[in-house]
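Read off the chains here:
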Amino acid sequence: MAAAASEMYRREQSLPLPSSSAALYNNLSVLRQPGPQLQRFSAVHGPSLSLLSAAAAGLGLSHRQLPAREPGLGVSTPLLTQAAWCVLPSRVLLVLTSQKGIQMYEADGSVLVYWHALDVAEHPPAQAVFARGIAAAGERFICVGTSSGPVLVFDIPPKGTNVTVSEVLEQHGAAITDIAAEQGRAPDGAGGLVSADDAGSLCVWSTGEEFRLVSKVPACGCTCSSVALWHGTVAAGFGNGQIRLYEAASGRLRAQVNAHARWINALDLAPETGKPLSCPLCSCSRERRIPLFTSGSSAGTRTPTTSRSSTVTPSAFPTRRSAAPASAIPRETPSLSLATT
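Rules of the game
Residues numbered from 1 in each chain as written. Predicted model: local features only at pLDDT ≥ 70, side-chain atom pairs only at ≥ 80, totals over all residues. Heavy atoms only, no water. Helix = DSSP H or I, 4+ residues; strand = E, 2+ residues; numbered from the N terminus. Buried < 20%, exposed > 50% of the residue type's maximum accessible area, 1.4 Å probe, protein only. Areas by Shrake-Rupley, 256 points an atom, 1.4 Å probe, with all protein chains shown as cover. Contact = heavy atoms within 4.5 Å. Polar contact = N/O pair within 3.5 Å; in protein donor to acceptor, adjacent residues only side chain to side chain. Core = buried A, V, L, I, M, F, W, Y, C linked by side-chain atoms within 4.5 Å. Salt bridge = Lys/Arg side-chain N within 4 Å of Asp/Glu carboxyl O.

1. Here's the deal with the overall build of the protein chain
Working step 1: Along the backbone of the protein chain there are zero helices and 26 strands.
Working step 2: Taken over 341 residues, the protein chain has a buried fraction of 56%.
Working step 3: In the structure as shown, the protein chain presents an accessible area of about 13,600 Å², 53% of it carried by carbon and sulfur atoms.

This is the structure:
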């Protein structure tokens, strides 16, 4: 996916999905694997996850439905809220969040590695309970947000099922909406992870052996639905249609764009160039040339193996970083329209 800075996103082939995608923001995950290996796509729909595997050029398609699981004799099937692949140096896990808890699978969804139940008893009866916001962090951690605000940090072993909660990050006072890891090379002191919540607050964290709060953007009263972090710059999409750029190390606002007239459901940055791609509630993807600000050296980038918004889709279908309202989902077979930079 290396691209010249002057290139735009371009549409490639479409891939059929076995079912429609739920009207959730950030509802498409992509796992790119090197060489001729299968590329994997996933989208949440109710209590199940649609998994699509495809070889190069969209050949050799295979579909699979992965249902939400609940240990024990659950009386109802929980609704999924998000799914994402987390790539660590030692392994790749598929993480699902729901109203009941957090599930971690091997990358192909074949083996359940770990289940973490949410403590419903600790929440008021009228408060919704769910997990949402998924990102790999550092060498061996996976971070997952919760509806009450804390971010759970899981310590992932190189193999096996001995997953543990190593830390709980408590700076948010509202439900977590999205979590993103640094896609480039962070300047010194800029942090390697950003979390966002329903009140519009952002927190930037360092990701060493112990997580530390680097900077915090106070709540603005408008939901921050999607975030990305690139070379020490935080790009955030809000419910009022704005895209804001913050300096990760200080939390200082560096730019603000009235990008859309409606809620931004999805935002991502091209890993090589930092070009933002935003998708609003009207499900019309839009690329913008927004300068990203960094402090310190930004030389050198790496190409990640996952993508948070590697697709540009027609207005009828939501992507991993976008979601269409229910009325916009087509009756015909839904599909993914792939795009590259």
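2. Here we look at the environment of Lys 216
Working step 1: Structurally, the position occupied by Lys 216 is in strand S17 (residues 211-217).
Working step 2: Considering only alpha carbons, one finds Lys 216 and Ser 250, 34 residues apart in sequence, at a separation of 7.9 Å.
Working step 3: When residues no more than four places from it in sequence are discounted, the contact partners of Lys 216 are Gln 171, Ser 201, Leu 202 and Cys 203.
Working step 4: Within the local environment of Lys 216, its side chain forms a polar contact with the backbone oxygen of Gln 171, the two atoms lying 2.7 Å apart.

3. Examining the environment of Ala 43
Working step 1: For Ala 43, the location among the structural elements is in strand S3 (residues 39-45).
Working step 2: On the accessibility criterion, Ala 43 (3% relative accessible area) is buried.
Working step 3: When the C-alpha atoms of Ala 43 and Ser 20 are compared, they prove to be 8.4 Å apart, with 23 residues separating the residues in sequence.
Working step 4: Setting aside residues no more than four positions away along its own chain, Ala 43 makes contact with Ser 21, Asn 27, Ser 48, Leu 49 and Ser 50.

4. Notes on the nonpolar core
Working step 1: In this structure, Val 95, Ile 102, Met 104, Ile 142, Phe 154 and Ile 156 are the most contacted members of the largest nonpolar core, which totals 20 residues.
Working step 2: The set of elements that each furnish at least two residues to this core consists of strand S6 (80-87), strand S7 (92-98), strand S8 (101-106), strand S9 (112-117), strand S10 (131-137), strand S11 (141-146) and strand S12 (151-155).
Working step 3: Element by element, the count of residues in this core is highest for S10, at three residues.
Working step 4: In terms of nonpolar packing, the next biggest core, distinct from the first, is built from 17 residues, Ala 190, Ala 196, Leu 202 and Cys 222 among them.

5. A closer look at the pattern of salt bridges
Working step 1: Taken as a whole, this structure holds six salt bridges when the rule is applied.
Working step 2: Salt-bridge contacts for Arg 91 lead to Glu 106; the nearest nitrogen and oxygen are separated by 3.1 Å. Taken together, the positions of Arg 91 in the loop between S6 and S7 and Glu 106 in strand S8 put the pair 15 residues apart, joining distant regions of the chain.
Working step 3: The buried category is assigned to Arg 91, whose relative accessible area is 9%.
Working step 4: For Glu 106, a relative accessible area of 27% puts it in the partly exposed group.
Working step 5: Connected through salt bridges with shared partners, the residues Arg 140, Asp 155 and Glu 209 form a single ionic network.

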